[in-house]
Amino acid sequence: MEKEEFYDSISNFYDEMIDFDKALIRRKELLAEFLSHDIAKANFYWRKLYAADLGCATGIDSIALSQLGIDVTSFDISGEMIKKAKANAEKFHIKLKTVKTDLAEIASDLDDNFNLIISSSNTPANIPFDQIQIVLDNFYRILKPAGKFIIQLLNYDKMLKEKTPTFARTKINNEEITRGYTYGEDEMQFKVKKITQKSEIDELNEKNGLASTDMRQTDLRSSKDMTKKVSHKNNEADKNGNDEFSSTIYPHRKSELEKYLLNSGFIKLEFFGGLNSSPFDIETSKDLVITGIKP
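The structure presented is a predicted model; accordingly, all values stated were derived computationally and were not measured.

**Here's the deal with the overall build of the chain**
Regarding its fold elements, the chain presents 10 helices and 12 strands. Within the span of the chain, comprising 295 residues, buried residues form 48% of the whole. Taking all contacts inside the chain whose residues are at least 6 apart in sequence as the whole, residues at least 24 apart take part in 71%. Carbon and sulfur atoms form 49% of the exposed surface of the chain, whose accessible area is close to 15400 Å².

Written out as structure tokens, the structure reads:
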């Protein structure tokens, strides 16, 4: 399964790539403000809020919501991401409830279980065009009446117009991780490349026909791990030991998502340019955040 393999593969360096600790602090601040009315209302009536984090990755939203006093169940297709999310949660003395599932296949015993759904960090863009209605119907199905959803993805109306190839670079010790896109006729490819930067000693050894013992051992371990976890079709390592991972992205536009959400039965749709509640501008906003209510 492409998505599972892809996210299993990048789980080992995902936290470093997104700067997890700083991202968690910022996400908690944003969600506290974005959900302030919902949290205050629940507290006034002495009610517990139950949230589903759909596409939890390594647990940023799950942990942030838990720290805000919300009971969270975390969903992801990647078992390795779920393991990382649990480990991250334990650092904050939080025990996560987790479900490993494709979002198109959420079990019926979860119907009407949640007051809140959050699906962020571009998770909706991983859902194929022919499954997006099924997934949004599942969002509706597992929410309680008067329940609220928040979805966050990139503003693909803007991206498809500008066709920006690379959007982030992160340096970790002697490695650089780049994230970017290539554009097809309908779909896109999300590419993550981890580049190992050689030291002056290693470059000198290479010129002399030698190789670092540590590098040989690291490359061997990396090669074995990749053989176990990743299909050669979607991911590859070059001769320098640099790893590249690729996954298909489905660029859902605002108007299409609005139609599908209304088809699912949601009402009171609102559109923002981010979790900071900025107005959405189809030409300039980097992100698209949508909220709505199950009547």
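**Looking at the environment of Gly59**
Structurally, Gly59 can be placed in the loop between strand E1 (50-54) and helix H4 (60-67). For Gly59, a relative accessible area of 0% translates into the label buried. The spacing of Gly59 and Asn88 is 29 residues in sequence and 6.9 Å in space, taken between C-alpha atoms. If sequence neighbours within four positions are ignored, Gly59 has contacts with Phe20 and Ala85.

**Focus on the pattern of salt bridges**
Pairing is possible between side chains that carry opposite charge, provided their charged atoms lie close to one another. For the structure on display, the rule yields 14 salt bridges. The partner of Asp38 in a salt bridge is Lys148, with the nearest N and O atoms 3.2 Å apart. Linking Asp38 in helix H3 (residues 36-44) with Lys148 in strand E5 (residues 143-154), this pair joins segments that are 110 residues apart in sequence. Take Asp38: its relative accessible area is 23%, and that puts it in the partly exposed class.

**Describing the sheet that holds strand E12 (residues 287-293)**
Strand order across the open sheet formed by seven strands is E3-E2-E1-E4-E5-E12-E11, with mixed pairing between neighbours. This sheet does not close on itself; its edge strands, each paired only once, are strand E3 (97-100) and strand E11 (267-272). Strand-to-strand, the axes of this sheet are offset by a mean angle of 15 degrees, without reference to chain direction. In this structure, strand E2 (residues 71-76) lies alongside E3, joined through four bridges in parallel fashion. Within E3, the residue paired with Ser74 across the bridge is Thr98. Those strands touched by H4 are E1, E2 and strand E4 (114-119), and its axis lies near 175 degrees from that of E2.

**Notes on the confidence of the model for the chain**
Predicted confidence across the chain gives a mean pLDDT of 88, with 85% of residues reaching 70 or more. When the criterion is pLDDT under 50, residues 211-234 qualifies, and its contacts beyond four places in sequence or with other chains add up to 19 contacts.

**Here's the deal with the side chain of Asn155**
Mapped onto the elements of the fold, Asn155 is located in the loop between E5 and helix H7 (156-162). Among residues more than four places away in sequence, those in contact with Asn155 are Phe280, Asp281, Ile282, Ser285, Lys286, Asp287 and Leu288.

**A look at the packing of aromatic side chains**
In total, this model carries 12 aromatic pairs according to the counting rule given. Each ring, one from Phe6 and one from Phe190, has its centre 5.7 Å from the other, and the planes form 65 degrees; the classification is edge-to-face. Within this pair, whereas Phe6 is found in helix H1 (residues 2-18), its partner Phe190 is found in strand E8 (residues 188-196), the two being separated by 184 residues in sequence. Seen in terms of ring centroids, Phe75 and Phe114 are 6.2 Å apart; in terms of plane orientation they differ by 80 degrees. Their pairing is edge-to-face. Residue Phe75 is located in strand E2, and its partner Phe114 is located in strand E4; the two are separated by 39 residues in the primary sequence. You'll find Phe75 and Phe114 in the same group, each marked buried. In this structure, Lys254 is placed above the aromatic ring of Phe271, and the distance from its NZ or CZ to the ring centre is 4.2 Å.

**Describing the nonpolar core**
Grouped together as the largest cluster of nonpolar side chains are 49 residues, with contacts concentrated most on Leu54, Phe149 and Tyr156. The element contributing the most residues to this core is H1, with six residues. Leu31, Ile39, Ile63 and Phe272 belong to the second largest nonpolar core, which has 28 residues in total.

Procedures and definitions
- Residues numbered from 1 in each chain as written.
- Predicted model: local features only at pLDDT ≥ 70, side-chain atom pairs only at ≥ 80, totals over all residues.
- Heavy atoms only, no water.
- Helix = DSSP H or I, 4+ residues; strand = E, 2+ residues; numbered from the N terminus.
- Buried < 20%, exposed > 50% of the residue type's maximum accessible area, 1.4 Å probe, protein only.
- Contact = heavy atoms within 4.5 Å.
- Areas by Shrake-Rupley, 256 points an atom, 1.4 Å probe, with all protein chains shown as cover.
- Salt bridge = Lys/Arg side-chain N within 4 Å of Asp/Glu carboxyl O.
- Pairing = 2+ DSSP bridges.
- Axes fitted to C-alpha atoms, helices over the stretch in contact; angles between N-to-C directions.
- pLDDT = per-residue confidence, 0-100.
- Phe/Tyr/Trp six-rings, centres within 6.5 Å; stacked < 30°, edge-to-face > 60°.
- Lys NZ or Arg CZ within 6 Å of the ring centre and 35° of its normal.
- Core = buried A, V, L, I, M, F, W, Y, C linked by side-chain atoms within 4.5 Å.

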